[in-house]
Amino acid sequence: MNYDFGTKIREVRKAKKLSIAELSEKSGVSNGMISQIERNTVIPSAVVLAKIARALGQSVSYFFGEEGLEDSIVLCKKGEHKKIKRSNNRGYIELLTPKGRRQIELIKVVIYPGIDRNNDPVSHPGEECGIVIQGTLTVIVNQNKYCLQEGDSIQFDSTIPHCYLNEGETECISIWAEQPYTW
């Protein structure tokens, strides 16, 4: 099986507007070696490939896969995030990572004031962590209640039954990262 490491390295280097000399300095790999790799006259060792990948901000696996550079970067501007209304009409979820291949998901959760008695605990594979940006949030994990204020954060294994409540008098806004993604 042949891999075209050289072409991919050159494409990423040029997309990042780096010269061979600049990549050499960032990676610790000689100019000559990078030039030979880019011309496909030399196949890099795993160590050299890892140094170049790190300097280019890529994973080593990127150079083995078929994904393009544009698939590894997803930009979503303010106002373009997809909003999902909660079924109980007590707020909404905004997807901050709505497209592309991803290993982690970032969401904004807005919960309107008032106790929501219909919020049944859920569980799913992975883990999640969140931070309260505005208001207060009650997080129930495995029947244990955690009251978070602005600036407080929490992380837990999401296979454990959990739910979120806004028992305060103002809107609660929190940011959550989940792995693997569910939305």
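Keep in mind that this is a model prediction, so the values were computed, not measured.

Q: Help me understand the overall build of the protein, please; the structure alone is not making it clear to me.
A: Secondary structure assignment for the protein yields four helices and nine strands. In sequence order, the secondary structure elements of the protein are arranged as α-α-α-α-β-β-β-β-β-β-β-β-β. In the protein, which comprises 183 residues, the share counted as buried stands at 37%. Taking as baseline every contact in the protein between residues at least 6 positions apart, the subset at least 24 positions apart corresponds to 61%.

Q: Teacher, can you tell me more about the sheet that holds strand β5 (residues 137-141) here?
A: Within a beta sheet, neighbouring strands are joined by backbone hydrogen bonds and run either parallel or antiparallel to one another. In spatial order, the strands read β6-β5-β8; together these three strands make up an open sheet with antiparallel pairing. Two strands bound the open sheet, and with one partner strand each, they are β6 (144-148) and β8 (162-165). Mean inter-strand twist for the sheet, computed between neighbouring axes without regard to direction, equals 20 degrees.

Q: What's the story with the environment of Val-42 in this structure? I'm lost.
A: With respect to the secondary-structure elements, Val-42 resides in the loop between α3 (31-38) and α4 (46-56). According to the relative accessible area criterion, Val-42 is partly exposed, its value standing at 24%. For the pair Val-42 and Gly-6, spaced 36 residues apart in the sequence, the C-alpha separation amounts to 8.7 Å. Excluding anything up to four places from it in sequence, Val-42 contacts Met-33, Gln-36 and Ile-37.

Q: In this structure, what is going on with the packing of aromatic side chains? I would like to understand it.
A: Inspection of the entire model under this criterion finds two aromatic pairs. Both rings, one in Phe-156 and one in Trp-176, keep their centres 6.3 Å apart while their planes meet at 65 degrees; by these two values the pair is edge-to-face. Here Phe-156, found in strand β7 (residues 153-157), pairs with Trp-176, found in strand β9 (residues 172-179); they are 20 residues apart in sequence, far enough to count as distant. This pair shows no difference in class: Phe-156 is buried, exactly as Trp-176 is. With centroids separated by 4.7 Å and ring planes inclined at 50 degrees, the aromatic side chains of Tyr-164 and Trp-176 adopt a geometry described as tilted. Of the two residues, Tyr-164 is situated in strand β8 and Trp-176 in strand β9; the sequence distance between them amounts to 12 residues. Members of the aromatic cluster, connected to one another through ring pairs, are Phe-156, Tyr-164 and Trp-176.

Q: Honestly, the nonpolar core in this entry has me stumped. Any pointers?
A: Note on soluble globular proteins: their nonpolar side chains tend to be buried together. Ile-9, Leu-23, Ile-52, Leu-56 and Phe-63 are the most contacted members of the largest nonpolar core, which totals 16 residues. Those elements that place two or more of their residues in this core are α1 (5-15), α3 and α4. Here this core gets six residues from one element, more than from any other, and that element is α4. With 15 residues, the next largest nonpolar core counts Leu-95, Val-109, Leu-137 and Cys-172 among its residues.

Q: Just to check I follow, could you spell out the pairing of β5 for this structure?
A: A large share of β5 lies buried, amounting to five of its five residues. Residues Leu-137, Val-139 and Val-141 point to one face of β5 and Thr-138 and Ile-140 to the other, with burial holding for every one of them. Relative to β6, β5 is paired through five bridges, and the arrangement is antiparallel. Bridged to Thr-138 within β6 is Cys-147. The hairpin turn running from β5 into β6, its antiparallel successor, is two residues long, and Asn-142 in that turn takes a positive phi close to 55 degrees. Of the strand pairs in this sheet, β5 and β8 are connected by four bridges, and their pairing is antiparallel.

Q: Would you explain the packing of helix α2 (residues 20-27) against α3 in this entry?
A: Describing two packed helices takes the angle between their axes plus the distance from one axis to the other. α3 packs onto α2 with a crossing angle of 115 degrees between their chain directions and a minimal axis gap of 9 Å. Where α2 crosses over α3, the two elements pack in a sense that is right-handed. Contacts from Ile-20, Ala-21, Leu-23, Ser-24 and Ser-27 of α2 reach α3 at Asn-31, Ile-34, Ser-35 and Glu-38. A breakdown of the residues in the contact of α2 with α3 according to their chemical character gives four nonpolar, four polar and one charged.

Each value, and the rule that gives it
Residues numbered from 1 in each chain as written. Predicted model: local features only at pLDDT ≥ 70, side-chain atom pairs only at ≥ 80, totals over all residues. Heavy atoms only, no water. Helix = DSSP H or I, 4+ residues; strand = E, 2+ residues; numbered from the N terminus. Buried < 20%, exposed > 50% of the residue type's maximum accessible area, 1.4 Å probe, protein only. Contact = heavy atoms within 4.5 Å. Pairing = 2+ DSSP bridges. Axes fitted to C-alpha atoms, helices over the stretch in contact; angles between N-to-C directions. Phe/Tyr/Trp six-rings, centres within 6.5 Å; stacked < 30°, edge-to-face > 60°. Core = buried A, V, L, I, M, F, W, Y, C linked by side-chain atoms within 4.5 Å. Left-handed = near helix turned anticlockwise from the far one by under 90°. Nonpolar A, V, L, I, M, F, W, Y, C, P; charged D, E, K, R; others polar.

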